[in-house]
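Architecture at a glance
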Amino acid sequence: MNRRSASRLFAALALAAPIAFGALPAAAQSTLTNVSYDPTRELYKDFNALFVKHWKAETGEDIKIQVSHGGSGKQARSVIDGLNADVVTLALASDIDAIAKATNKLPADWQKRLPNNSSPYTSTIVFLVRKGNPKGIKDWGDLVKPGVEVITPNPKTSGGARWNYLAAWAYGLKQNGDDPEKAKAFVAELFKHVPVLDSGARGSTTTFAQRGLGDVLLAWENEAYLSFAEFGDDKFEIVFPSVSILAEPPVAIVDANVEKNGTRKAAEAYLNLLYSPEGQSLAAKHFYRPVKPETVSNKADVERFQKLDLVTIDDTFGGWAKAQKEHFGDGGVFDEIFKPK
Amino acid sequence: MSRTTFRTPSALPGFGLTFGFTWLWLTLIILLPLGGVILWAGSLGLERLAQIASDPRTLSALRVSFGLSLLAAVLNAVFGLILAWILTRYDFPGRRLVDAAVDLPFALPTAVAGIALAAIYAPNGWIGQWLPFKVAYTPLGIFVALVFIGLPFVVRTLQPVLTDLDRELEEASATLGADRPVTLLRVVLPTLFPALLTGFALAFARAVGEYGSVIFIAGNVPYVSEIAPLIIIMKLEEFDYGAATAVATIMLLISFALLLLINLLEAWTRRRLGHVR
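Residues numbered from 1 in each chain as written. Chains lettered and ligands numbered in written order. Predicted model: local features only at pLDDT ≥ 70, side-chain atom pairs only at ≥ 80, totals over all residues. Heavy atoms only, no water.

- In the nomenclature of an unreviewed UniProt entry, chain A is known as Sulfate transporter subunit of Methylopila jiangsuensis.
- What UniProt records for chain A under Sequence similarities (unreviewed entry) is the sentence "Belongs to the prokaryotic sulfate-binding protein family."
- On record in UniProt, under Subcellular location (unreviewed entry), the comment for chain A is "Periplasm". (UniProt positions renumbered as here; feature names shortened; annotations may be inferred.)

**What to know about the interface of chain A and chain B**
- Each side of the interface is counted separately: chain A has 30 residues, and chain B has 26 residues.
- Together chain A and chain B conceal approximately 2,300 Å² of surface at their shared face, both sides included; 54% is due to carbon and sulfur atoms.
- Considering only the side of chain A, the residues that lose the most area to chain B are Arg77, Arg211 and Asp330 of chain A, jointly responsible for 28% of the buried surface there.
- Across the chain A-chain B interface, the total number found is 5 salt bridges.
- Note that Lys156 of chain A and Glu238 of chain B form a salt bridge whose closest N and O atoms lie 2.7 Å from each other.
- Where chain A meets chain B, there are 12 residue pairs in polar contact (both at pLDDT 80 or more).
- Elements with a minimum of two residues in the side of chain A that touches chain B: α3 (72-80) and α4 (93-103) of chain A. (Contact = heavy atoms within 4.5 Å. Buried area = accessible area lost by both parts, 1.4 Å probe. Salt bridge = Lys/Arg side-chain N within 4 Å of Asp/Glu carboxyl O. Polar contact = N/O pair within 3.5 Å; in protein donor to acceptor, adjacent residues only side chain to side chain. Helix = DSSP H or I, 4+ residues; strand = E, 2+ residues; numbered from the N terminus.)

**Observations regarding a nonpolar patch on the surface**
All names here are of chain B.
- A cluster of nonpolar residues, Phe19, Phe21, Trp23, Leu24, Trp25, Leu26, Leu28, Ile29, Ile30, Leu31, Leu32 and Leu34, forms a patch on the protein surface that exposes about 1,100 Å² of accessible area.
- Mapped onto the elements of the fold, Leu31 is located in helix α1 (residues 15-42).
- The exposure class assigned to Leu31 is partly exposed, which follows from its relative accessible area of 40%. (Patch = residues over 30% accessible without salt bridge, like charges linked within 9 Å, V, L, I, M, F, W, Y side chains within 5 Å. Areas by Shrake-Rupley, 256 points an atom, 1.4 Å probe, with all protein chains shown as cover. Buried < 20%, exposed > 50% of the residue type's maximum accessible area, 1.4 Å probe, protein only.)

**Regarding the nonpolar core**
- Val88, Trp140 and Tyr165 of chain A are the most contacted members of the largest nonpolar core, which has 89 residues in total.
- Ranked by residues supplied to this core, first place goes to helix α6 (residues 159-175) of chain A with 9 residues.
- Counting residues domain by domain, this core receives three or more from each of domain 1 (9-119 + 249-275) and domain 2 (122-247 + 308-337) of chain A.
- Residues Phe287 of chain A together with Phe143, Ala145 and Val214 of chain B belong to the second largest nonpolar core, which totals 44 residues. (Core = buried A, V, L, I, M, F, W, Y, C linked by side-chain atoms within 4.5 Å. Domains from an automatic or database assignment.)

**A few points about unusual backbone geometry**
- With phi around 45°, Asn133 of chain A is a residue other than glycine that occupies positive phi space.
- Tracing the chain through its elements places Asn133 of chain A in the loop between β4 (121-130) and β5 (150-151).
- Judged by relative accessible area, which is 13%, Asn133 of chain A ranks as buried.
- Non-glycine residue Asn220 of chain B carries a positive phi angle of around 55°.
- Topologically, Asn220 of chain B is positioned in the loop between α10 (212-215) and α11 (228-237).
- On the basis of relative accessibility, which here comes to 0%, the residue Asn220 of chain B falls in the buried class.

This is the structure:
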């Protein structure tokens, strides 16, 4: 390469660099970025269309919604590392806590800002078994019977799996007069029946549904119903255990980002719409339990949810901050139950 | 290696420029990120580092990762050599197709490879259902994935050397009375050995860091089929960047030591086998 072509190459590089590094001019149309977790893909696809229409009617402005999906913890890390999220809609409060703690981009008491612990919809953990329930699985106790294999993702890498683990723990407590040692023994026994610990909830669903592994899949209720739509309802059945946990996937505005982007109004409207009758109806349609079921337009969507004995993370585990550290932190209970004796 | 120093530059012009460019590039692309990892890990303090390094679960994951990667690289070295030999020495219908297929593990997104392998080797998969033992979701599954992704490294390093290999050497060997095994063992293989080692090292290094394809077929059961990169992901998932970089640094040190060893071995064989340096 001679000197001239070399200098031309450098000029080209110098021109290309700012584009590659994202110094694009701001888009004329305003954009709202929602950083969400995996199983909300279908819900937010519908909800975003609803919001765009709603916002146009309200303000006359066009708005574009960008949603990114992925494991809840990974998504939280992206926001910590600088992903410009206007709102976060994640699987568990501790992931948003982590954003608040690491970046101060939203206040520590963010969860008090919206009704119902900032969770516009909830879910719970149920069992998905093979059609006809060949192993006769009725409740948590049946999962530790000899020969039963349980599929659940790894609580260390999957937010959803932490709800699974805590639901099992709640059963262990209830069955043993609130003795934490016995609850731990139950959960430890349960994880001995787990042949594969996938890194995320969708991975576990694949392992169970497509690879044919295991007799029961611990799944979010909405994922269990979704798998019917995906794989046909002649293959699986849902079993509702005697006790489960109220899973509250929370939503929050990332204050520092909306200030910078000038999107506070839109972000607020976006989250509030989740609590509106239309938003609640969409949540119910996508198998999330709406927090205001009475406002849902299609009553059949609500009636299919069974009444269950649900414990909450705050009452039984003293909140996410405590549960996270005690059970899933480095050297926590989950690490302990896998230690070879 | 030429004995170029700053005082007696090569006859070729532009040494200063290329030297500076090499270091700039190396620093930007490799040394800075790695330095960041090591710095971050170093900020933890020795006590915490020792604690992380001696955690039995981390140790078990390191054993799984490095042990299986070595085994996979050995297998790849053997079969990669045979494959490279066939591809360069014989002409057969479909040779170009096979040749192109060797590159697929390079090109395929690793997650796709992992899912495909898991589907095939799962207890209800095409191959898995005929096997009396489990492959997917056991350490054997990890091994299969590592063999898959490592193969092109060996084949592609050996091919050019095999093509350049002087046929006359083999003919001379035969004329001097050596039979075929002797020619192969004493003439062909020694010439190939340094390249084979390089291919082995590349396949090994790739396997150690592999995450995407392994994670879908591994089973990820602690102390059994958990790989070291997964431990790093877990630490990240706990927002414990320090511990994650610490495990990364440990992997880096072990890899560096092993690769250095392989490089020294390669240099030694080159010298011993009379290559012109």
